[in-house]
Amino acid sequence: MKITTVGTTPFSGQKPGTSGLRKKVRVFTQPGYLENFVQSIFDQLEGQQGKTLVLGGDGRYFNDVAIQIILRMAAAAGFGRVLVGRQGILSTPAASAVIRKQRAFGGIILSASHNPGGPDDDFGIKYNLGNGGPANETFTDAVFKRTQEISAYHLVEAADIDLGRLGETRIGEMIVCVIDPVADYLELLESLFDFAAIKKLLARPDFRMRFDAMHAVNGPYGHAILEQRLGAPLGTVVNGTPLPDFGGGHPDPNPVYAAELVSALADPTSGLSFGAASDGDGDRNMIVGRNFIVSPSDSLAVIAANYKLIPAYAKGLAGVARSMPTSCAVDRVAAELGIPCYETPTGWKYFGTLLDAGMATLCGEESAGTGSNHVREKDGLWAILYWLNILAVRNESVEQIVREHWRHFGRNVYSRHDYEGIASDLAATLFAELRQKLPTLPGTTFDGLRVKAADDFCYIDPVDGSRSEQQGVRILLDDGSRVVFRLSGTGTEGATLRVYLERYVADPARHEVPLQQALAPLVAIAEQVARIAAITGRNVPDVMS
Ligand code: G1P
Ligand code: ZN
C-alpha cells in the first residue's frame, strides 16, 4: 500500500469546543485545514491498526467531500475497515449506536449540529471513542496541541468511493463498507420501547402526529422508523429530505426555528395531537402537545418520572444526570425515587463516565438534549419514542401529563436568554468583572431576594477524578431560584452569552403565570450583577427559550 505524505503547516484556532471543532465552511475548505485536524486526531490514537472506524455526518454542505478525504487518510492511518453511512449519512446517535454494536475502535462524526449549513455557514467534526461517546477533554486537548505543531499528513491515493451503493470496496488494504444508516439504530430502539403499543397509538383515528425533520439528518430515520416500521401515515414526517443547507433554515428544534410546527399544533383545525422535531444531526429533540410546548428540562423530569412505563427502564434507574444550567426539575424526581442526581458541566461528553460506570441511566440538558445509557450521545428520536410510549400507556394528552407532573413535584419555571454575536473582548470583560464580584455577593439582597451562594462551577468527575473549572457562574438565591451565566462553546462567530433563569413554584395555583413575567425579578438581578446592557450595549436577548 503506497502512502503519500503531504507537508503542511499549522492553522491557528483548531481547538475543539463543547462538541468538536466547528468553523465556517470557508475555513474548513482552506487547503489542508480539514486534513491537519484529521491527522492530529489520528496522531493521538494508539492501536487502531486493522480496527474499524465509523464515519458519517448530518449531510450538510461539504459532508460528501470531507468523507472522501477522511477515507483516504484513514487508510494511511492503518484502519482495517471503515463503516460509512449510505450517502455519508449517520445521525449522531446512530453513529454512537453503530460504534457500540460493531465494536468499532472509534468514529468520526461530521456535523455542526443545529448550526446552519451551506457554503457560507458552518461545518464541524468530532471524534468519538469506542464507547460511542465524544472524546474527553484530555484527548481533545492533545489533538489541539498536535494541530499546533503538525508538519505533515498522510493519505492513500484512490478514486472517490460510490457512497450511494451498499457494500464493500477497498482503498489500499482498508475495506470501505457502505452501510444502511438506519438498521443498527432501529434495532436498538426496538429493544427499548414497546413498539406494538406505539404502533397502536399511531393507528388511532383520534391521534395524529407530525415529525418535523427540518431538512436534516433525521428525515430518513423518521421515514424508516415512524412511517415504515411503526405504521404512522405517510406525511407524518415533514421536511424529511436532508439538504446540504437545510433548506436555508436553522435546524434547531426550538419555538423560534420550529415555529411552523408549533403553530400547526396550536391550530385546532390541523387535528394534530403530538408534534416533535429534531436538529441537524438528530441528537436534539422538541416535544409539542396540542397548543403546549414542553420545556426540555421538564421533558427530562417527566421521562424520569415515567420510567416504569418503558420496557427497557422499568426495572429501575441507577441514577439521573443533568448539566448544571438545566433546571432542577429532575432533581425532585430523583429525590422521590431515592436515586442519585448528578450535576455536570454543559456538554454530553461529561455524561459518558457516569453512563459507562452504570451510575446514571438517563441524562439531559436544557438545550433539548435527552438520552440514556443505550448510546453515548443524546438522542432525538429516542426522546420522541419515549414520549410516544408514555402517551400510548397513559392515554392522556401531553399537556395533561406535564400539568399533572407539576402538581405532584411543583414547577421549575425556567428560561434561557441568549445574547448572540457579542464582541469576544466585551464578553471577556463581563466575565472578568462578574468573577471578581463573586466573593462579595453572598448575603446581598436584591429586591427582597437574598443571595445564598455565588460561585464559578467546578466539576470533579466522580468516576475518574478529572477536574473541569470555570464551567459557568452561578448565583443561588435563598428561595431556591438561580441565575447562571456562561459563554457558548459551540458558536463560530464572536461570543454568545447565555443567561439561565430558574425559579421554583410549588403552589399549583401559581403555575399559570406567564413564564417571562415570573422570571422578571431574576432578569433584573442578572442585569445588576453582570451589567449586560452597560458592557455589551444589549438591552434584550436575541433568543429566549
Ligand atoms: C450547546 C448547549 C449544550 C449542548 C451543546 C451541543 O452548547 O448549550 O447544552 O451540549 O450545544 O449540542 P454551548 O453553545 O452552550 O456551549
Ligand atoms: Zn445536535
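Described below are features of the structure shown in this document. Model, not experiment: these values are computed from the prediction.

For the zinc ion (ligand 2), the full set of protein donor atoms is Ser 113 (OG), Asp 279 (OD), Asp 281 (OD) and Asp 283 (OD), and the range of their distances to it is 2.0 to 2.1 Å. For the zinc ion (ligand 2), the 4 donor atoms in the first shell make angles of 88 to 164 degrees at the metal, so the coordination geometry reads as irregular. Mapping the donors of the zinc ion (ligand 2) onto the primary sequence yields the spacing S-x165-D-x1-D-x1-D.

Taken as a whole and judged by the stated rule, the model has 34 salt bridges. We note a salt bridge from Glu 377 to Lys 126, for which the minimum N-O separation is 2.8 Å. Taken together, the positions of Glu 377 in the loop between β18 (369-372) and α13 (380-394) and Lys 126 in strand β6 (residues 122-128) put the pair 251 residues apart, joining distant regions of the chain. Arg 165 is paired through a salt bridge with Asp 162; the nearest N and O atoms lie 3.8 Å apart. The network of salt bridges with shared partners includes Arg 322, Asp 331, Glu 343, Asp 455, Arg 474, Arg 482 and Glu 502.

Right, let's get into the pairing of β18. Across the two faces of β18 the burial is the same, with Gly 369 and Gly 371 and Thr 370 and Ser 372 all buried. Bridge count between strand β17 (residues 362-365) and β18: 4 bridges; the pairing is antiparallel. Among the inter-strand pairings, Glu 365 is bridged to a residue of β18, identified as Gly 369. From the end of β17 to the start of β18, which pair antiparallel, there are 3 residues, and Ala 368 there has a positive phi angle of about 75 degrees.

Read across the open sheet, the 4 strands follow the order β16-β15-β17-β18; overall the sheet is mixed. Unpaired on one side and paired on the other, β16 (341-344) and β18 mark the two borders of the sheet. Sheet twist, expressed as the average angle between the axes of neighbouring strands with direction ignored, equals 15 degrees. Most of the contacts of helix α11 (residues 329-337) go to strand β15 (residues 320-323), to which it runs at about 165 degrees, and overall it touches β15 and β16. Contacting β17 and β18, α13 crosses the sheet at an angle of about 80 degrees to β18.

A word on the site of ligand 1. Ligand 1 sits among 14 residues. The nearest are Ser 367, Arg 486, Ser 488, Gly 489 and Thr 490. Separating an oxygen atom of ligand 1 from a side-chain N or O atom of Lys 378 is a distance of 2.9 Å. Separating an oxygen atom of ligand 1 from a backbone N or O atom of Gly 489 is a distance of 2.6 Å. Here ligand 1 has 380 Å² of accessible area as a free molecule, and 99% of this is covered by the chains.

This part covers the layout of surface pockets. Considered as a void within the structure, the second largest pocket measures approximately 790 Å³ in volume. Every residue lining the second largest pocket is counted, 29 residues in all, and those nearest its centre are Pro 16, Gly 17, Thr 18, Ser 488 and Gly 489. Counting only elements with at least two residues in the lining of the second largest pocket, the list comes to β2 (21-24), α5 (137-147), α15 (424-437) and β25 (482-487). A class-by-class count of the residues in the lining of the second largest pocket yields 7 nonpolar, 13 polar and 9 charged.

On to the packing of helix α2 (residues 33-44) against α5, then. As a packed pair, α2 and α5 sit with axes 8 Å apart at the nearest point and diverge in direction by 125 degrees. Classed by the angle they form, the pair α2 and α5 counts as oblique. Once α2 is placed against α5, the crossing between them reads as right-handed. When α2 is examined against α5, the residues Phe 37, Ser 40, Ile 41, Asp 43 and Gln 44 are found in contact with a partner set consisting of Phe 139, Ala 142, Val 143, Arg 146 and Thr 147. Residues that form the contact of α2 with α5 fall into these classes: 5 nonpolar, 3 polar and 2 charged.

All right, on to the sheet that holds strand β8 (residues 167-171) then. Where strands meet in a sheet, backbone hydrogen bonds hold them as pairs that are either parallel or antiparallel. Spatially, the 7 strands line up as an open sheet ordered β2-β6-β5-β3-β4-β9-β8, and their pairing is mixed. Unpaired on one side and paired on the other, β2 and β8 mark the two borders of the sheet. Sheet twist, expressed as the average angle between the axes of neighbouring strands with direction ignored, equals 20 degrees. One ladder, built from 4 bridges, connects strand β5 (residues 106-110) with β6; its direction is antiparallel. By the bridge assignment for β6, Gly 107 is matched with Asn 128.

It is worth spelling out empty space enclosed by the protein at this point. Scanning all chains against the criterion turns up 2 cavities of 30 Å³ or more. Reported here for the largest cavity is a volume of approximately 330 Å³. Taken together, 30 residues form the lining of the largest cavity, with Thr 18, Ser 19, Arg 284, Lys 378 and Thr 490 sitting closest to its centre. For the lining of the largest cavity, the secondary-structure elements that each account for two or more residues are β6 and β26 (495-505). For the lining of the largest cavity, the class distribution of residues is 5 nonpolar, 12 polar and 13 charged. For the second largest cavity, the calculated volume is near 130 Å³. Those elements giving two or more residues to the lining of the second largest cavity turn out to be α2, β6 and α5. Grouping the constituent residues of the lining of the second largest cavity by class yields 10 nonpolar, 5 polar and 2 charged.

Membership of the largest hydrophobic core comes to 72 residues, with the highest contact counts inside it found for Phe 274 and Leu 388. Here this core takes 10 residues from α13, the largest share from any one element. Setting aside residues up to four positions removed in sequence, Leu 388 forms contacts with Ile 198, Leu 201, Leu 202, Phe 207, Met 209, Leu 226 and Phe 274.

Examined against the element boundaries, Arg 416 turns out to sit in strand β19 (residues 411-422). At 3.2 Å, the side chain of Arg 416 forms a polar contact with the side chain of Glu 366. Once residues lying within four places of it in the same chain are set aside, the contact partners of Arg 416 are Glu 366, Ser 367, Arg 498, Val 499, Tyr 500, Val 543, Met 544 and Ser 545.

By secondary structure assignment, the location of Ser 91 is in the loop between β4 (81-89) and α4 (92-101). Non-local contacts of Ser 91, meaning those with residues more than four positions away in its chain, are made with Val 217, Asn 218, Tyr 221 and Asp 281.

Reading the values: rules and limits
- Residues numbered from 1 in each chain as written.
- Chains lettered and ligands numbered in written order.
- Predicted model: local features only at pLDDT ≥ 70, side-chain atom pairs only at ≥ 80, totals over all residues.
- Heavy atoms only, no water.
- Donors = N, O, S within 2.8 Å, 3.2 Å for Na, K, Ca; no water.
- Tetrahedral: all angles 85-135°; square planar, octahedral: opposite > 155°, others 65-115°.
- Salt bridge = Lys/Arg side-chain N within 4 Å of Asp/Glu carboxyl O.
- Helix = DSSP H or I, 4+ residues; strand = E, 2+ residues; numbered from the N terminus.
- Buried < 20%, exposed > 50% of the residue type's maximum accessible area, 1.4 Å probe, protein only.
- Pairing = 2+ DSSP bridges.
- Axes fitted to C-alpha atoms, helices over the stretch in contact; angles between N-to-C directions.
- Contact = heavy atoms within 4.5 Å.
- Near = heavy atom within 4 Å.
- Polar contact = N/O pair within 3.5 Å; in protein donor to acceptor, adjacent residues only side chain to side chain.
- Areas by Shrake-Rupley, 256 points an atom, 1.4 Å probe, with all protein chains shown as cover.
- 1 Å grid on protein atoms, 1.4 Å probe; cavity = no way out; pocket = protein on both sides within 12 Å on 5 of 7 lines; lining within 4 Å.
- Points joined across faces, edges and corners; volume = space filled by probe spheres on them.
- Nonpolar A, V, L, I, M, F, W, Y, C, P; charged D, E, K, R; others polar.
- Parallel < 35°, antiparallel > 145°, perpendicular 65-115°, else oblique.
- Left-handed = near helix turned anticlockwise from the far one by under 90°.
- Core = buried A, V, L, I, M, F, W, Y, C linked by side-chain atoms within 4.5 Å.

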